[in-house]
Amino acid sequence: MATRGILLASLVLSCLIQACYGAVLFSSLKKTLQVTTSTKQGVLQSGEDKVTVTWGLNQSLPAGTDSDYKTIEVTLCYAPISQKDRAWRKTEDHLNKDKTCQFKMVERPYNKSLQALDWIIERDVPTATYFVRAYAFNADGHEVAYGQSTNDQKTTNLFEVQAISGRHVSLDIASVCFSAFSVVSLAFFFFIEKRKGKTTQQK
Ligand SMILES: *[C@@H]1O[C@H](CO)[C@@H](O)[C@H](O)[C@H]1NC(C)=O
Ligand SMILES: *[C@@H]1O[C@H](CO)[C@@H](O)[C@H](O)[C@H]1NC(C)=O
């Protein structure tokens, strides 16, 4: 009975947290930023090759469009080609739950003029096909606008990254082992606590 109460309480709590902080939907953002990428030809190697990114306000939009932009976050995002058996790489409309754009390249104060960045692909970027998306945040830290280097269907200007061989596999295994380890240690501590409880009761 108590367990059920706790479960219910945490469910309600997580719903409340979602309602307060998860309110920003990707579909509600305005596409006002222009983002371009350029890379060398062919497959890029993580930890070695670079992506040159530029971003700025679409100049054909009226002045004042960007009046509430405070910071810009530029992110590396998985493209659909790599989604075949990885449903979790699909864009989730609730931005706080979205895992498509999980690699942050840079965060900078908003600047009206065109910005550029040479980004060396980080070593932990897995083998996949990517594009770049920039988000504009307001003073409250909420996404208000975006722009991306590919079209809406995510089919143009994609680039392919090859992870340092075997790296993504070993990382995946490491994370599986880590979570297994956490479960085992939790179970272990639970067991110890229970035993302690019993011994004190016996006294
Ligand atoms: C820039 O804005 C204009 C006018 O809204 C639009 O037609 C054009 O597609 C936009 N360009 C980009 C790259 O988003
Ligand atoms: C905005 O960007 C331009 C060009 O990169 C730079 O010269 C300028 O100092 C930046 N302004 C601010 C306020 O950061």
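One can find the structure itself at the top, above this paragraph.
Definitions and limits used
- Residues numbered from 1 in each chain as written.
- Chains lettered and ligands numbered in written order.
- Predicted model: local features only at pLDDT ≥ 70, side-chain atom pairs only at ≥ 80, totals over all residues.
- Heavy atoms only, no water.
- Helix = DSSP H or I, 4+ residues; strand = E, 2+ residues; numbered from the N terminus.
- Buried < 20%, exposed > 50% of the residue type's maximum accessible area, 1.4 Å probe, protein only.
- Contact = heavy atoms within 4.5 Å.
- Pairing = 2+ DSSP bridges.
- Axes fitted to C-alpha atoms, helices over the stretch in contact; angles between N-to-C directions.
- Near = heavy atom within 4 Å.
- Polar contact = N/O pair within 3.5 Å; in protein donor to acceptor, adjacent residues only side chain to side chain.
- Areas by Shrake-Rupley, 256 points an atom, 1.4 Å probe, with all protein chains shown as cover.
- Nonpolar A, V, L, I, M, F, W, Y, C, P; charged D, E, K, R; others polar.
- Salt bridge = Lys/Arg side-chain N within 4 Å of Asp/Glu carboxyl O.
- Phe/Tyr/Trp six-rings, centres within 6.5 Å; stacked < 30°, edge-to-face > 60°.

A. Expanded view of the overall build of the chain. Each helix and strand counted, the chain has two helices and 10 strands in total. Overall, the chain shows an N-to-C arrangement of helices and strands of α-β-β-β-β-β-β-β-β-β-β-α. A total of 203 residues make up the chain; the buried ones form 33% of that total. Contacts in the chain between residues at least 24 apart in sequence constitute 74% of all its contacts with a sequence separation of at least 6.

B. A look at the sheet that holds strand β7 (residues 115-120). Pairing is antiparallel across the open sheet formed by three strands, whose spatial order is β2-β4-β7. The open sheet has two edge strands with one neighbour each: β2 (33-38) and β7. When the angles between neighbouring strand axes are averaged without regard to direction, this sheet yields 20 degrees. The sheet contact formed by strand β4 (residues 50-57) and β7 spans six bridges and is antiparallel. Among the inter-strand pairings, Lys 50 is bridged to a residue of β7, identified as Ile 120.

C. Main features of the site of ligand 1. Every residue close to ligand 1 is listed here: Gln 34, Asn 58, Ser 60 and Leu 61. A distance of 2.3 Å separates an oxygen atom of ligand 1 from a polar atom in the side chain of Asn 58. In this structure, an oxygen atom belonging to ligand 1 sits 3.2 Å away from a side-chain N or O atom of Ser 60. Protein chains bury 40% of the 360 Å² of accessible surface belonging to ligand 1 in isolation. A class-by-class count of the residues in the shell around ligand 1 yields one nonpolar, three polar and no charged.

D. Representation of the pattern of salt bridges in the model. This structure, assessed with the given rule, holds five salt bridges. Of the charged contacts in the structure, one is a salt bridge between Lys 50 and Asp 118, with a shortest N-O distance of 3.7 Å. Residue Lys 50 is found in strand β4, and its partner Asp 118 is found in strand β7; the two are separated by 68 residues along the sequence. Owing to a relative accessible area of 42%, Lys 50 belongs among the partly exposed residues under this scheme. Overall, Asp 118 belongs to the partly exposed group, its relative accessible area being 47%. With a shortest N-O distance of 3.0 Å, Lys 112 and Asp 66 are connected by a salt bridge. Of this pair, Lys 112 sits in the loop between β6 (103-109) and β7 while Asp 66 sits in the loop between β4 and β5 (71-78), and the two are 46 residues apart along the sequence.

E. Structural detail: the packing of aromatic side chains. This structure, assessed with the given rule, holds five aromatic pairs. Seen from their ring centres, Tyr 69 and Tyr 110 are 5.3 Å apart, and the 85 degrees between their planes marks the pair as edge-to-face. One end of the pair, Tyr 69, is in the loop between β4 and β5; the other, Tyr 110, is in the loop between β6 and β7, with 41 residues separating them in the sequence. No difference in accessibility class separates Tyr 69 from Tyr 110, as the two residues are buried. On the basis of an interplanar angle of 80 degrees and a centroid distance of 6.4 Å, the ring pair of Phe 103 and Tyr 130 is categorised as edge-to-face. On the criterion of sequence distance, the pair formed by Phe 103 in strand β6 and Tyr 130 in strand β8 (residues 128-137) is long-range, its members being 27 residues apart. The pair formed by Phe 103 and Tyr 130 is uniform in burial state, with each residue classed as buried. Members of the aromatic cluster, connected to one another through ring pairs, are Tyr 78, Phe 103 and Tyr 130.

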